Amino acid sequence: QNCEIFVVSDKRVKPYGSITAHHRENADENTGYVFIRGKVYGIDDVYLGRAKGPYSRVIFAKTYLSKTVVPNGWTNWSYDGSTKDLYHAEYKCPGPGADRQRT
C-alpha cells in the first residue's frame, strides 16, 4: 500500500520492460501482486505487467499511473501459453497511464 514505483527502463526492448512479472503454475497457489493507492512514474515506456505463468495475477487499485505506462498496460511478452486464466487488472486508477485511449 502507498508505494511509489519509479521505473528505470530496459533499453534492450521496446516498450522498455514491465513493472511486474508474476508466476503461478496453478489456481490453488495463494500468490499475486496487489498495489493499492500508490504512484507509478519514471522514464520511457513500460508495461504494468507481463505473464510469467498460466495463472499470473496482478492488480493495481487506486494507483496513479503516469504516462510512462503504455496504453495497453499489459502483455503476455514471451509467455506463449493460454491466457484464459491470467488475471491482470486496474481498478479506479487515475492518471494518463490509465487512459487506454491514448495514441
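Residues numbered from 1 in each chain as written. Predicted model: local features only at pLDDT ≥ 70, side-chain atom pairs only at ≥ 80, totals over all residues. Heavy atoms only, no water.

An unreviewed UniProt entry annotates the protein chain as pectinesterase originating from Brassica napus. Looking at the protein chain in UniProt, the text filed under Pathway (unreviewed entry) is "Glycan metabolism; pectin degradation; 2-dehydro-3-deoxy-D-gluconate from pectin: step 1/5." Under the Sequence similarities (unreviewed entry) heading, UniProt states for the protein chain: "Belongs to the pectinesterase family." (UniProt positions renumbered as here; feature names shortened; annotations may be inferred.)

Peer 1: Is there a simple way to explain the sheet that holds strand 4 (residues 39-42) in this structure?
Peer 2: In any sheet, the strands associate via hydrogen bonds between backbone groups, in a parallel or an antiparallel arrangement. With parallel pairing, three strands are arranged side by side in an open sheet as 1-4-7. Here the strands that pair on one side only, and so sit at the sheet edges, are strand 1 (4-7) and strand 7 (64-65). In terms of strand pairing, strand 1 meets strand 4 through four bridges, oriented parallel. Paired with Ile-5 across the two strands is Val-40, which belongs to strand 4. (Pairing = 2+ DSSP bridges. Helix = DSSP H or I, 4+ residues; strand = E, 2+ residues; numbered from the N terminus.)

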